[in-house]
Structures are given as structure tokens and as C-alpha cells.
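Here is what each chain is made of, one letter per residue.
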Amino acid sequence: MDKGDPLKILIVDDDEEDYMIIRELFSEIKEQNYSLDWVSDYDSALETIGRNSHNVYLFDYRLGGRSGLDLLRKAINNGCKAPIILLTGQGDHDIDLKAMKMGAADYLVKGEMNAAFLDRSIRYALEHKKMENKLRMMLQDLQKSHEEFKKAEEVILKSEVKYRTLFDLSRDAIVTLAPPSWKFTSANLSTVKLFGYDSEKEFTLKGPWDVSPERQFDGELSSRKAKRMIEKAMNEGSHFFEWDHTRLNGEVFPATVLFSKIELDGKQQLQATVRDITQSKRTQEDLEQSEKRFMDVLHSSEDAILLIDDETFMDINEATARMLKYPNREEFLMTHSSKLSPLHQPDGQDSFDKANEMMKIATERGFHRFEWMHRKKTGEDFPVEVSLTPITYRGKTIIHCLWRDLTEEKKAAEEKQQLQLQLQQAQKLESIGTMANGIAHNFNTILGSIRGLVEMGLMEVPPNSRINSDLKKAVKAIEAAKELTGKMLIFSRDQKQALEPVKIQTVVQEAMDLFKASMTAPVEIRQNINMECEPVLAAPNEISQVVMNLCTNAYHALEGINGRITISLDEVEIDEGMARRYPNLCMGKYARLVICDTGKGMNSVTKERIFEPFFTTKEIGKGTGLGLSVIHGIVMNHHGEITVDSQLGKGTTVNVYFPLADNDVNNTKGA
Amino acid sequence: MKRILVIEDDARFQGVLQEMLGRAGYEVLVAPDGKVGVGLYRDKHPDLVITDVIMPEKDGAEVIFDLQKEFPGVKMIVMTGGGQGDAQTYLKSIMMYSDVKYAFEKPFSMDQLFLAIEETLG
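Residues numbered from 1 in each chain as written. Chains lettered and ligands numbered in written order. Predicted model: local features only at pLDDT ≥ 70, side-chain atom pairs only at ≥ 80, totals over all residues.

> Break down the overall build of chain A for me, citing the residues and quoting the values.
Of regular secondary structure, chain A possesses 20 helices and 24 strands. Split into buried and exposed, the 671 residues of chain A put 25% on the buried side. (Helix = DSSP H or I, 4+ residues; strand = E, 2+ residues; numbered from the N terminus. Buried ≥ 20, exposed ≤ 12 C-beta atoms within 10 Å, placed from the backbone.)

As C-alpha cells, this is what we get:
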């Protein structure tokens, strides 16, 4: 301490003499300068202390009515930081102890004091106070760092909670495993949920092999493989692999596992992320299956299907190669596309340009259908309906192309048109015929009257008279008129035709087409016509009439029934038994026409009479009852036979036999 | 006197036949259609029936088959003005399935008719 810097001392003593003695003692101290102040009463003392301008206080124990202890208590309560030394009388040992307990720095017994003693006490008191302050500061520092530590601890706790929450909230199942047992040491909520457990505790009792089937998908024991995987992860820092896991309920599911080596609590452990890939695996399987199905459909389709990628054929099916008469897909795929179409389309556009335009339209609109002329390997051009649909295949947009051969359709449309024309013509002829019939009938009757009258007149006149000659000419004119009406009837009359070798399959086919066109309500019709049938000596018109008539009957038998008509034509050999049963048949080769319906059929009484003329089961006006008798006549004219099988409610089958042209029956029976 | 029933819907031709047959000395009954004709036959039992084919109510074919059924041995001659499809085939069919021997297509000759009548009546 610097000597030139005096210590300020306040002396509180109600006895001035005592003060003087103390001042004397201070002046004896050489090592230190002191500046002394003196107050004599309690109140002034408190006031002065409150100013806090002294380094040390000396209180006398006796302060009039108050004691130095009172002052000491009050001063310390008021926050006095400077050391206070109490001055007591001899033998006040209790007071000394009290003073020290209350916070006095020291006590000095009046009368036993000397300068050195006083100096030392003051210095000790100051030193003590300094130490005390230092200690207090250290304590404060300690408290402060304790608070900081607590704060830091809170932060750590908070972040731990945060990480735990993150851990638990993760949608991936995350677990940790630790050696040496490699059982699970922690597991997040997702894990517990994924494996079907109730709590983390329950789960962490297990090891990886406990939550797996006995063997993995590759047949290896789960326990052995798990150890291998762990080892690999520990050696390489991480390891990713597929794994079959088992839920608590025994259900096995495919998963991926990512092992990462981590250090936790100073120990090398593994963290594992388990991801259930059932869905993605299923999706992948579905995708593979769907692609396989797509390829199966492509290759098994009877329609021509092509996949076009950037204007080149990526793939085609066999049907495509077949349609264009290429021996196989490979040869088709190697053929330049310019060879698959004529140079120009029917509208005159360049095939290459138009093809690009069509693809562009398909891409823009999502679908495009149009007609196209293609060229077969044989060089023949044919119409095709093309449907283009852009599809996504393996993440790429390609064009799915479907070809439908329109050749038959176009031909059928033309034929239908032809048939309609024929039908129209036939209907026209029929109406003309009906009209001619009516006129001819009335005309002939009028002519009949005239002839009757003229001939009666002839009987009244002399044979060689002019009237006789005139009336005879009138009869001639009437005969001419009759001839004319006869000619008018040619329209509708079946002129007797000479029999000639005829391929009746063609006639039957034409008659069928005509019949089908005349049906007002469609019924199912099956045809089984042997196109190789040998010719028959026949009148084509009459054969046609037979077919039409029998089909019409079959059609009427189907009225109100959802039935079927089957027409077949084939060659048969008539044996002895058949020839005996049907006198009109001889042994040998015949063409057999069969018209079979699943209609209402007929009873045996009706069946017996159907060929009788004028026999009809139809309403008045619906049939003349002559149809089957005319048919019968025709068949007889052709040296054939007609037989009928019928069951009421089941249907009717009519068999018509015509001898083949080279059958001897034609010669023996004669025309 | 032989009695002949003429069934004919055309009044004019019916009249001509009536006159013609009357002049030839036959007693003539006439009917405008098959139904009346069959009724008249039942009442008067004529010796011969000459019938048209195409007629209202009951046509000639029906008349022929009905009468033949009811009165076996009935004598009949058929005549037609043609029309309704194939007249020849039709007449031929009728003749094939009945006892009718003579069929005439209008306008036919009076002489031929008388020959047929005499032949039929015997």
C-alpha cells in the first residue's frame, strides 16, 4: 500500500478523551498515513457511514444510550462494505464474540491497545475485507458460471428432445444396434409401428434376426446373413441391402436396410434405416407384369400392331408381317418403310409426307384414325384403317399403331351395294310383273267376252258372207291380242328352261344373299356350302326358287322365336338303303341341299300334306299354298327328291337331293 | 236339259257365257264368286260346273277341291284369264291334283269349250 495515500478512518466514541488516546496511537504508526474523523453519537455516526467515505470504522461499544453493537448491526444492514472494528472494555468477552458473529472485522480491547496492534488489526481487517470481496466475487463468478452451465444444459436437453422428436417423427424406421449382442438399443415410433409392436421397450429386446423370417429370400439363414451385413457395415462405414422382415403378427415384408456406422457414448454402433418396399416392389412387379401383358397382347393379337419410335418401327407383331405377306417379323423390320406403301396415296399425296403429317396429328390430338393404302411384299396395294395412339413406354412417348385390313370390308360393301341394286331391280320387275299380271288378266277376260260374242255372231251369219269373213278376222285379231298379253306375262312367268350342268353352290350362294337381303327382321343364319361340289344338271332359276322358297318357309317358322337357319350344301353318296327308302333316288352321287331351322316345327298330319297344292297353314293372303308343290315339281323335274323331318316345337329340316351331272340317273329316267 | 253352273266374277263374261250356253240349249245357273257358286251347287245339283280361278271370297281352286270333296264325281271345267304368277303351272297343278280334265285360258274358242263340255258330260 502506498504511504502517501492516507487511509480514512471514522472513529465513533462518545468520550472525547478516548478519541484523543486513539488519535495518539495512530500518530505513532509510521508505516501508514491515516486521516481520522470523529463523531460522538449514534445518529451522526449512521449519517457519516451512509456517505461511505471511509476505509475503516472504529466503534466504541458504549455510545450513550445505544451500544456499538446496535450501530454495527444497523451499519451492516445499511449495506456498509468497509470493515468495522469494535472497541470494547476489558473482560467483555461475550460482546467480542457477539460482535464477530454480527460481522465485525475485529475487536480491540481499550487499554490493551498499542499502535502496532491497532495498525495490524486495521490492515488485517482491510486485507480480510479484500479477501472477502474477492471471495464474494469468485462466488458470484461461480454462481454465474453455474447459471450458464444450467442454461447450456437446458439447451442441450432441448436439442436432445428435438432430435428425439425428429427421430420419432421420421417416417423411416430408424433403429440403433450395439455390440456385442447387436440387439437394438433404440427404435423410433415408425419402427415400432412398422413391426407391429406396442412400445420401443418391447422392440429393443430383439435383435435383427428376431424380426426376420428364418431364412432370407436367397435361402440364407437370417441370423447368419444379419451378422454378415453388420460386419460389412462396420468394415465399410455403411451398407445398403434388401432384407425380408417379419412383423409381430408373423407377416413377412420386403424392405431395404441402410446401415451406417456411428459413434454414440464413445461406442461404435450401427444406425439402421429400414424402409418397407412392399408397395414399390408391388408397383415394380405390376409394371413388369403390365409390360409383359402388353407384349403378350401385342404379339398374340390378330390385328396388326406396330410400335413406332421416331418414325421407325420399334416392334411389330406377327400379324403385321402376315398382313403384308412378309415371312416373318425380322424381314419386315429390316424392310425400308418406303416399300410398305405405294409412292402416293389415293388422294395424290406423297406417302412419306402424309405419314409424317398423320403422326403429327396423332401426337397433337392424342389419337388419329384414317385410311391408308399399304403395299404387300407381293406388290399388291390394299386399304388399311390405321389408328395411331401416342403411349408412354419405358418413360418415352412412342406411337401405338393398329392396322385393320379393309379389303374384305370394302369388297363386302361393294357386294352389298350390288345386291341392293339387284334387289331393287327384282322388286321393280316384280311390281311391273304384278301390274302386267293384273292388266293381262282383265284384258284376257274382256277378250274372252269379245271372242264369245264374235263367235256367237258368226253362228248367225251365212258361212260365205262378208260379215262371216269380217268376224273371222276379228277372232284372229283377238288371238293376236292374246299373244300380246302372253308376252306381257313373260316378266313374271317362269319360262321352262333347259337343264344344263350348273355349279349350284354359286346359285345357292346368290339365292342366299338375295334371301338375306329380303329379310325384314334379321335372324341368325349359318352357311356351310361345299364350294367344291360337282355340277348338277339344273335350271339355275328353279334351283334359286327352291332355295328362296325353303328359306322363306324356315324364316316364317322362326317368327317370334330367337332361332337359327342353317343352310348346307355337300356331295353325298346314295347307298342301297337310301335308294330303297326313297324311290325317286338311285344309288350314286347327289348334291344335297339342307335347310334346317330351329323354328316351331309341325305335327305329322301337317307334314303329310305340305306338298299338296293349295295346302297352307298361313293366314289368308299370306301364301297361296302352292309354294312347296311348285318346289316339289321342280325337284321332280330335276330327277331329285325332297324329304322333310320335323318335330313340333323343335324345328324342321328339309333335304333336297339333286343328282350330279355325271350321275346315270339323268339318262335312265330321261327328261 | 243339262244344267250348267257358271262361276265367274266378271259380269260381262258371265253374261256372254250364259247367252252362249243358253243358245246351245243348256240351262245356265250363274254365280259371281266361289262361295255363292258352291251354295248354288248344293241347291240345284247342276250337271257341270265351269269356274273361273281368280275370284273374290272363294277362288276357283278352292271351289274345285271343296266340291270334289263334298260331291265325289262332280264334273268341272276350269278357265282363267291368267295372271297371279305362272298361270300354266297353276292350271297344271290343279289338274294334277283334281279330276278336272279341261282347262281354258281366256280368250278361248267357243268350239273348243263345247267340245270339252260334251266330252265331260259324256
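> Describe the overall build of chain B, listing the residues and the values that go with them.
The number of helices and strands found in chain B is five helices and five strands. Element order for chain B, N to C, with α for helix and β for strand: β-α-β-α-β-α-β-α-β-α. Within chain B, residue pairs in contact and separated by at least 24 positions form 62% of the contacts whose partners lie at least 6 positions apart. (Contact = placed C-beta atoms within 7 Å.)

> How would you summarise the sheet that holds strand 7 (residues 106-109) of chain A if you had to cite specific residues and measurements?
All names here are of chain A. Sheet architecture is open: five strands sit in the order 2-1-3-6-7, paired in parallel fashion. Where the open sheet ends on each side, the last strands, each with one partner, are strand 2 (34-39) and strand 7. Across this sheet, the average inter-strand angle for adjacent strands is 20 degrees, counted without regard to direction. Both strand 3 (residues 56-60) and strand 6 (residues 84-88) contribute to a ladder of four bridges, which runs parallel. Residue Tyr57 lies in a different strand from strand 6, and its bridge partner there is Ile84. Sitting on the sheet, helix 1 (residues 16-27) touches strand 1 (7-12), strand 2 and strand 3, and the angle it makes with strand 2 is about 175 degrees. (Pairing = 2+ DSSP bridges. Axes fitted to C-alpha atoms, helices over the stretch in contact; angles between N-to-C directions.)

> I'd like to hear about the sheet that holds strand 1 (residues 3-7) of chain B, residue by residue, with values.
Residue and element names in this part refer to chain B. Pairing in this open sheet of five strands is parallel, and the strands run 2-1-3-4-5 from one edge to the other. Across the chains shown, the open sheet's two edge strands, defined by having one partner strand only, are strand 2 (27-31) and strand 5 (102-105). Across the sheet, the axes of successive neighbouring strands diverge by a mean angle of 20 degrees, strand direction being ignored. In terms of strand pairing, strand 1 meets strand 2 through five bridges, oriented parallel. Pairing of Arg3 across the sheet is with Glu27, part of strand 2. Across the sheet, helix 1 (residues 11-23) lies against strand 1 and strand 2, angled at about 165 degrees from strand 2, the strand it touches most. Sitting on the sheet, helix 2 (residues 34-44) is in contact with strand 1, strand 2 and strand 3 (48-52), with an inclination near 165 degrees to strand 1.

> Lay out the pairing of strand 4 (residues 76-80) of chain B with the relevant residues and their values.
Consecutive side chains of a regular strand alternate in pointing toward one face of the sheet and then the other. All names here are of chain B. Judged by how many residues are buried, strand 4 sits mostly within the fold: five of five residues are covered. Alternating positions in strand 4 separate into two faces, Met76, Val78 and Thr80 on one and Ile77 and Met79 on the other, with burial throughout. Two elements, strand 3 and strand 4, share four bridges in a ladder whose sense is parallel. Directly across from Thr51, in strand 4, lies its bridge partner Val78. As a crossover connection, the stretch from strand 3 through helix 3 (residues 60-70) into strand 4 is right-handed. Bridge analysis of strand 4 against strand 5 gives four bridges, and the strand direction is parallel. Paired with Val78 across the two strands is Ala103, which belongs to strand 5. (Right-handed = clockwise from strand over helix to strand, strands pointing away.)

> Now, about helix 12 (residues 351-365) of chain A: what can you tell me, with residues and values included?
For helix 12 of chain A, with 15 residues, the first-to-last C-alpha span of 21 Å sits near the 21 Å given by 1.5 Å per residue. Positive backbone phi, approximately 90 degrees, marks Gly366 of chain A, located one or two places after helix 12 of chain A. (Expected span 1.5 Å × (residues − 1).)

> Now, about the environment of Arg73 of chain A: what can you tell me, with residues and values included?
Summarising the element assignment, Arg73 of chain A is placed in helix 3 (residues 68-77). C-alpha separation for the pair Arg73 of chain A and Ala99 of chain A, spaced 26 residues apart in sequence, amounts to 8.9 Å.

> So what about the nonpolar core? Which residues, and what values?
One finds Ile504 and Ala591 of chain A to be the most contacted residues of the largest nonpolar core, which totals 41 residues. Contributions of two or more residues to this core are made by helix 15 (504-518), strand 20 (536-538), helix 16 (540-557), strand 21 (564-574), strand 22 (588-597), helix 19 (627-637) and strand 24 (651-659) of chain A. A per-element tally of this core places helix 16 of chain A first, with eight residues. With 35 residues, the next largest nonpolar core counts Ile4, Val78, Tyr90 and Ile117 of chain B among its residues. (Core = buried A, V, L, I, M, F, W, Y, C linked by C-beta atoms within 7 Å.)

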